[in-house]
Amino acid sequence: MTGGALSPERLGKELRRALVIAQKDIRIYCLKPPVLLFGLVFPFFLFLSFYIGKKGPISEGIPGLVCISLFFASSNIAPAGMPYERMAKTFSRYLTAPVSLGWMILGKTLAGFVFGVCVSLLPLLVGVAGYGTAVTSPAALALGVLAGGACFSCLGTLVASMPTEMPGNVMTVLNFVRLPLLFMSGIFVPLADMPAWARAVAAVSPLTYVNDLLLRGTGLGCYYGWWLDLLVAAAYGTAFFAVAVWVFNLSRK
Amino acid sequence: MGSHAAVSVQGLVKRYGAMTAVDGISFEVEQGELFGFLGPNGAGKTTTVNILTGVSLPTSGSASIHGHDLAKDSFRAREMINVVPEVSNAYVEYTAWKNLMFTAALYGVPRGEAAHRAEELLRTFGLEDKRNTKVKGFSQGMRRKLVIAMALVNRPRVLFMDEPTTGLDVQSVITIREMIRDLHRQGVTIFLTTHNLAEANVLCERVAIVNRGKIIAVDTPENLKRAARRVQVLEVAFERLEARDEEGLSLIPGIREVAGKGDKLRLVTDELPAAISAVNRFAEERGLSIIHINTPGPSLEDVFVELTGIGGPAKGGGGR
């Protein structure tokens, strides 16, 4: 079921309604316990446990912490909200409202993006203000945060497309996906120090590319070109989003 | 009616694997009509409404709202409707006011107009003092009223209502039925899905009875009752009646069914005059005093039972 022809007027309406959904999700779900636990507390302590025994200044660990925060926070909102909305039957409100499925899902994804970006700015500001993290390329840093937020939020939306009413089920699957992606990326071990096979595995994780952009932005060295980092993050995000829309549409058939 | 119908459904089919939930149904609802959609559990009512409101997609067939095809132009179609689902699905984290404003924004109602409309609806439903209270603390009746208010915030031309009075106290039921009549007077097309035959009988201009995915009758409640000529009802009350007397009544030839209804008995028969004579004879023989006897005609419930083949009176019946 298509929504009909997409005129500029219609485009404006769809966009406004996607923003309304994003705003509502941010207000309702940002302070939910699973979001706070898996989006803020868990990544912080995860990073701490790995970094505590590592030699080197804290400022060098800040891009990694920013990346982990971005990853966990952005991908958390949709999986925390959507199963709950299915259970409370509020999800059907979007389906009966004049907003197309793709735009509705975009609104949901946008909420994760905004939350993730805001959360990731916290360690970045602490790093810059307190630990001397240098921002050598603001453009690369901004691209890293924005592309990462979008890509990871789309991943969260994809996992949230699971047709279940139990938030716990979605969170389990989400962490089953997130933890391997995190450990195979170049966050804890720099790509340059990895053996060839590990580098090949790391190349599968979208975090690798986002982290690479963040490292470039803070002048800590990078492995790939910025355009490749951006392209791969965008490709992953687009693929996650497209599959999520397909799965949501499938559940209506 | 054609494209001018408020709701038009042609050969709608919905299959889930080997199971056919909706089996090629067709019907139209006129603009401004109060249309009832009745059927037993699993008949395909909710599936049909889900398709008409965009929640799910049909396997085949077509449906349109005010001429806007739900497959080709669902956006425009959904701009014209709103839905009161069976479950009161307001956002419990939001206040009544925020729920109304969010729904208005989702339907593209400009902010100023939405605020005015929200004030008006809170007043109409007696929720003004709950304006800034989170829905979490609302009673079932208050939630129901709020969900109906949310469905009216965009002034829909077609309102789908699924069991709107289920689980409510008598006062709330009366208020909501009166509100449905008001909306009908204002020209809103109402598509009412209900198990409550009494409610359909007193509210609806036409009803469709659906069973096993097919529509088996569409007409006014009175025409349906007239059509069910074979069903004749005799209502009788005795001064005192013992269980063996009730059993004796059911053994009278021509009495198909005996059911208690408050202090009265409801006898379903094929031959009313013969049944009246037989009941009088039965009372004389057993020394029973008849204190009330009436021939109310078949109720919508009787028609429903007759058409769907369900073996007993439907829940929430008594629809005279």
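Rules used throughout
Residues numbered from 1 in each chain as written. Chains lettered and ligands numbered in written order. Predicted model: local features only at pLDDT ≥ 70, side-chain atom pairs only at ≥ 80, totals over all residues. Heavy atoms only, no water. Helix = DSSP H or I, 4+ residues; strand = E, 2+ residues; numbered from the N terminus. Rg over C-alpha atoms; globule rule 2.2 N^0.38 Å. Buried < 20%, exposed > 50% of the residue type's maximum accessible area, 1.4 Å probe, protein only. Contact = heavy atoms within 4.5 Å. Buried area = accessible area lost by both parts, 1.4 Å probe. Salt bridge = Lys/Arg side-chain N within 4 Å of Asp/Glu carboxyl O. Polar contact = N/O pair within 3.5 Å; in protein donor to acceptor, adjacent residues only side chain to side chain. Nonpolar A, V, L, I, M, F, W, Y, C, P; charged D, E, K, R; others polar. pLDDT = per-residue confidence, 0-100. Axes fitted to C-alpha atoms, helices over the stretch in contact; angles between N-to-C directions. Left-handed = near helix turned anticlockwise from the far one by under 90°. Pairing = 2+ DSSP bridges. Core = buried A, V, L, I, M, F, W, Y, C linked by side-chain atoms within 4.5 Å. Domains from an automatic or database assignment. Patch = residues over 30% accessible without salt bridge, like charges linked within 9 Å, V, L, I, M, F, W, Y side chains within 5 Å. Areas by Shrake-Rupley, 256 points an atom, 1.4 Å probe, with all protein chains shown as cover.

Focus on the overall build of chain A
Next, step 1: In terms of regular secondary structure, chain A is built from 11 helices and 0 strands.
Next, step 2: Going from the N terminus to the C terminus, chain A shows its helices and strands as α-α-α-α-α-α-α-α-α-α-α.
Next, step 3: Taking 253 residues into account, the globule formula puts the C-alpha radius of gyration at 18 Å, and chain A, at 18 Å, falls close to it.
Next, step 4: Within chain A, buried positions represent 51% of all 253 residues.
Next, step 5: Put simply, 77% of the contacts in chain A that link residues at least 6 apart link residues at least 24 apart.

Details of the interface of chain B and chain A
Next, step 1: Taken residue by residue, the interface counts 33 residues in chain B and 31 residues in chain A.
Next, step 2: Around 3,000 Å² of area is buried between chain B and chain A when both sides are counted, 60% of it from carbon and sulfur atoms.
Next, step 3: It is L57, F75 and L106 of chain B that lose the most area in chain B upon contact with chain A, and together they represent 24% of the buried surface on that side.
Next, step 4: One can count 3 salt bridges joining chain B with chain A.
Next, step 5: One salt bridge connects E79 of chain B with K13 of chain A, and the closest N-O pair in it is separated by 3.0 Å.
Next, step 6: At the surface where chain B touches chain A, the tally comes to 13 residue pairs in polar contact (both at pLDDT 80 or more).
Next, step 7: For the side of chain B that touches chain A, the secondary-structure elements that each account for two or more residues are β1 (7-16), α2 (74-79), β6 (81-84), α3 (96-106) and α5 (140-152) of chain B.
Next, step 8: The class makeup of the residues in the side of chain B that touches chain A is 20 nonpolar, 7 polar and 6 charged.

Remarks on the confidence of the model for chain A
Next, step 1: Of the residues in chain A, 98% reach a pLDDT of 70 or more, and the chain-wide mean stands at 91.
Next, step 2: Mean pLDDT across the elements of chain A bottoms out in helix α2 (residues 33-51) of chain A (83) and peaks in helix α7 (residues 138-160) of chain A (97).

Considerations on the packing of helix α9 (residues 243-250) of chain B against helix α10 (residues 272-286) of chain B
The axes of two packed helices give the description: the angle between them and the distance between them.
Residues and elements named next belong to chain B.
Next, step 1: Interaxial distance between α9 and α10 falls to 11 Å at its minimum, and their mutual angle equals 145 degrees. Note on packing geometry: the crossing formed by α9 with α10 is right-handed. Contacts from R244, D245, G248 and L249 of α9 reach α10 at V279, F282 and R286.
Next, step 2: Taken together, the residues of the contact of α9 with α10 sort by class into 3 nonpolar, 1 polar and 3 charged.

Description of unusual backbone geometry
Residue and element names in this part refer to chain B.
Next, step 1: The phi dihedral of R155 is positive, around 45 degrees, even though this residue is not glycine.
Next, step 2: For R155, the location among the structural elements is in the loop between α5 and β7 (158-162).
Next, step 3: Unusually for a residue other than glycine, E163 sits at a positive phi of about 45 degrees.
Next, step 4: Topologically, E163 is positioned in the loop between β7 and α6 (170-185).

Here's the deal with the sheet that holds β6 of chain B
Residues and elements named next belong to chain B.
Next, step 1: Pairing is mixed in the open sheet, where 6 strands are placed in the order β6-β7-β8-β3-β9-β10. Whereas interior strands pair on both sides, the edge strands pair on one side only; in this sheet they are β6 and β10 (214-219). Direction aside, neighbouring strands of the sheet carry axes that sit 15 degrees apart on average.
Next, step 2: Pairing of β7 with strand β8 (residues 189-194), which is carried by 5 bridges, proceeds in the parallel orientation. From the neighbouring strand, V158 faces β8, where its bridge partner is T189.
Next, step 3: Lying over the sheet, α5 contacts β6 and β7, oriented at roughly 175 degrees with respect to β6.

Comments concerning the nonpolar core
A general tendency of soluble globular proteins is for nonpolar side chains to be buried together.
Next, step 1: In terms of nonpolar packing, the biggest core is built from 87 residues, with M104 of chain A together with L146, M161 and M179 of chain B touching the most fellow members.
Next, step 2: Top element by residues in this core is α5 of chain B. It accounts for 8 residues.
Next, step 3: Once residues within four sequence positions are removed from consideration, M104 of chain A is found in contact with I21, F91, Y94, L95 and V99 of chain A.
Next, step 4: If you look at the next biggest cluster of nonpolar residues, it comprises 29 residues, including I68, L70, A233 and F240 of chain A.

Section: the domain arrangement of chain B
Reports of interface size often rely on the accessible area that becomes lost once the parts have come together.
Next, step 1: Here the domain parsing of chain B yields domain 1 (2-220) and domain 2 (232-297).
Next, step 2: With centres defined by C-alpha atoms, the gap from domain 1 of chain B to domain 2 of chain B works out at 41 Å.

Side note on a nonpolar patch on the surface
Residues and elements named next belong to chain A.
Next, step 1: A contiguous nonpolar patch, built from L31, L36, L37, L40, V41, F44, F45, L48 and I52 and spanning about 840 Å² of accessible area, is present on the exposed surface.
Next, step 2: Assignment of secondary structure puts L36 in helix α2.
Next, step 3: Residue L36 is classed as partly exposed on the basis of its relative accessible area of 31%.

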